[in-house]
Amino acid sequence: MEVVRITPRGYCHGVVEAIRMAKKVGAQNAGEPVAMLGYLVHNEHVTRELEEHGVRLVDSDDRVAGLEHIDSGTVIFTAHGVSPAVVDGARARGLRIVDATCSDVTRTHDLVRRLLEDGNEIVYIGKRGHPEPEGVVGIDPARIQLVERVEEVDGLDYPPGTRLAVTCQTTLSMWDTKAIIDRLVERYSDIEVHNEICLATQERQEAAVRAAADLDCVVVVGSTRSSNSRRLVQVVEERAGRRAHLVDTAADLDPAWFRGVRRVGVTAGASTPTQITRAVIAALEALPDEE
Ligand code: SF4
């Protein structure tokens, strides 16, 4: 079986920078408590490594509530960004803040603030329960409407004449997002469109779909928590019509998936450590060829 390495894959600039910052803080603050508010990036291996560097995970669906578990020391905000209420809460508790928000997410926050100042209501396309939408919608929950699926556009009820803008989470499927934006433009022809899917997400999705056309199936290395890894599985299946398997490590590979497979592609989510992807590639290459 031929194993094709799909590129680009794996770590993006936002994840590399967030991990670098967290490790540095952990090393500098020996003796002082350091906590990351939620998974710094959505990967268990990265989380364990950071814990070894003295950075404790405080996991909570609600980040304002999560702050109640951090009494002193340093709090690290994750690459997904946080709402103003979280920043205020951390300050009120006297915590030192280290902000590891990805620059691409910060750009979306800045855009949303500008659109609100200009008098727009905002439709924000994103996944409910994911920290990135929580951070953006939290800028002004009364004026930012979260939409997850194309059908939800029909339930929106903006009066005629409303100044309206749409933007989105950075790690969505490019094609799903376009479908939602198209429906919004159909309903509200004057809507201002800002597609904020980040370049790293776009490049990984496009490369996976393009490569999959010449492959029998694709293995995506990443955590089930990782939005961009799950989207890679989705776009390979929906856009290229190929099977895709999400694995956290090489131990998750099932040899039965590869019966009759001549060419398998490997890609990885933006939060997947390179050494784990290498181990998956090695395990696939070690699978015995079928007679
Ligand atoms: S996936 Fe995109 S938005 Fe998220 S950390 Fe990476 S570069 Fe930043």
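These numbers come from a predicted model, not from an experiment.

Caption draft 1: Layout of the site of the ligand. Neighbouring residues of the ligand: 15 residues in total, closest C12, G14, C102, T170 and C198. For the shell around the ligand, the elements supplying multiple residues, two or more each, are helix 1 (13–28), helix 5 (103–117) and helix 8 (199–212). Classifying every residue of the shell around the ligand by side-chain character gives eight nonpolar, six polar and one charged.

Caption draft 2: Spatial organisation of unusual backbone geometry. With an omega dihedral of -5°, the bond running from T7 to P8 counts as a cis peptide bond. Locating P8 in the fold gives a position in the loop between strand 1 (2–5) and helix 1.

Caption draft 3: A look at the pairing of strand 8 (residues 164–168). A large share of strand 8 lies buried, amounting to five of its five residues. Pairing between strand 6 (residues 121–125) and strand 8: five bridges, direction parallel. Bridging from a neighbouring strand, V123 pairs with V166 of strand 8. Bridge analysis of strand 8 against strand 9 (residues 192–193) gives two bridges, and the strand direction is parallel. Across the sheet, the residue bridging to V166 is V193, located in strand 9. Viewed along the sheet, the connection from strand 8 through helix 7 (residues 174–187) into strand 9 turns out right-handed.

Caption draft 4: Looking closely at the sheet that holds strand 1. One open sheet holds the four strands; their spatial order is 1-12-10-11, and the pairing between them is parallel. Every interior strand has two partners, whereas the edge strands, strand 1 and strand 11 (243–247), have only one. Neighbour-to-neighbour, the strand axes of the sheet open up by a mean angle of 25°, direction not taken into account. Where strand 10 (residues 217–221) meets strand 12 (residues 263–268), five bridges bridge the pair, whose relative direction is parallel. Bridge pairing in strand 12 places C217 opposite V264. Contacting strand 1, strand 10 and strand 12, helix 8 crosses the sheet at an angle of about 175° to strand 12.

Caption draft 5: Summary view of the environment of V15. Note on placement: V15 falls in helix 1. Judged by local crowding, V15 falls into the buried class, with 25 C-beta atoms found within 10 Å. Aside from chain neighbours lying at most four places away, what touches V15 is V41, A79, A270 and S271.

Caption draft 6: Geometry of the sheet that holds strand 2 (residues 34–37). Across the sheet, which stays open at both edges, the four strands sit in the order 3-2-4-5 with parallel pairing between neighbours. The sheet terminates laterally at strand 3 (55–58) and strand 5 (96–99), the two strands that pair on one side only. Ignoring strand direction, the axes of neighbouring strands in this sheet form an average angle of 30°. Direction of pairing for strand 2 relative to strand 4 (residues 74–77): parallel, over a ladder of four bridges. Looking at the pairing, A35 lines up with V75 of strand 4. Along the sheet face, helix 2 (residues 44–52) touches strand 2 and strand 3 and points at about 130° away from the line of strand 3.

Caption draft 7: Broad picture of the packing of helix 8 against helix 9 (residues 227–239). Contact pair helix 8 / helix 9: the axes reach a minimum separation of 9 Å and the direction vectors enclose 35°. Between helix 8 and helix 9 lies a crossing of right-handed hand. Counting all contacts with helix 8, which are made through T201, R204, Q205, A208, V209 and A212, the residues of helix 9 involved are N228, R231, L232, V235, V236 and R239. Of the residues in the contact of helix 8 with helix 9, the class split is six nonpolar, three polar and three charged.

Caption draft 8: Layout of the nonpolar core. By size, the foremost hydrophobic cluster in this structure holds 52 residues, and its most contacted members are A18, A22, L40 and I76. Among the elements that make up this core, the one with the highest residue count is helix 1 (five residues). Among the nonpolar cores identified, the runner-up in size contains 22 residues, and A208, V221, V247 and V266 belong to it.

Caption draft 9: Local environment of the domain arrangement of the protein chain. By the assigned domains, the protein chain splits into domain 1 (2–11 + 200–286), domain 2 (13–102) and domain 3 (104–193). Between the C-alpha centres of domain 2 and domain 3 there is a distance of 27 Å. Counting from both sides, the interface comprises 13 residues of domain 2 and, opposite them, eleven residues of domain 3. Classifying every residue of the side of domain 2 that touches domain 3 gives four nonpolar, seven polar and two charged.

Caption draft 10: Quick look at the pairing of strand 2. Covered by surrounding structure in strand 2 are V34 and M36 together with A35 and L37, the residues of both alternating faces. Relative to strand 3, strand 2 is paired through four bridges, and the arrangement is parallel. Residue pairing across strands places A35 opposite R56, the latter belonging to strand 3. Crossover strand 2 to strand 3 through helix 2 is right-handed.

Reading the values: rules and limits
Residues numbered from 1 in each chain as written. Predicted model: local features only at pLDDT ≥ 70, side-chain atom pairs only at ≥ 80, totals over all residues. Near = placed C-beta within 6 Å. Helix = DSSP H or I, 4+ residues; strand = E, 2+ residues; numbered from the N terminus. Nonpolar A, V, L, I, M, F, W, Y, C, P; charged D, E, K, R; others polar. Buried ≥ 20, exposed ≤ 12 C-beta atoms within 10 Å, placed from the backbone. Pairing = 2+ DSSP bridges. Right-handed = clockwise from strand over helix to strand, strands pointing away. Axes fitted to C-alpha atoms, helices over the stretch in contact; angles between N-to-C directions. Contact = placed C-beta atoms within 7 Å. Left-handed = near helix turned anticlockwise from the far one by under 90°. Core = buried A, V, L, I, M, F, W, Y, C linked by C-beta atoms within 7 Å. Domains from an automatic or database assignment.

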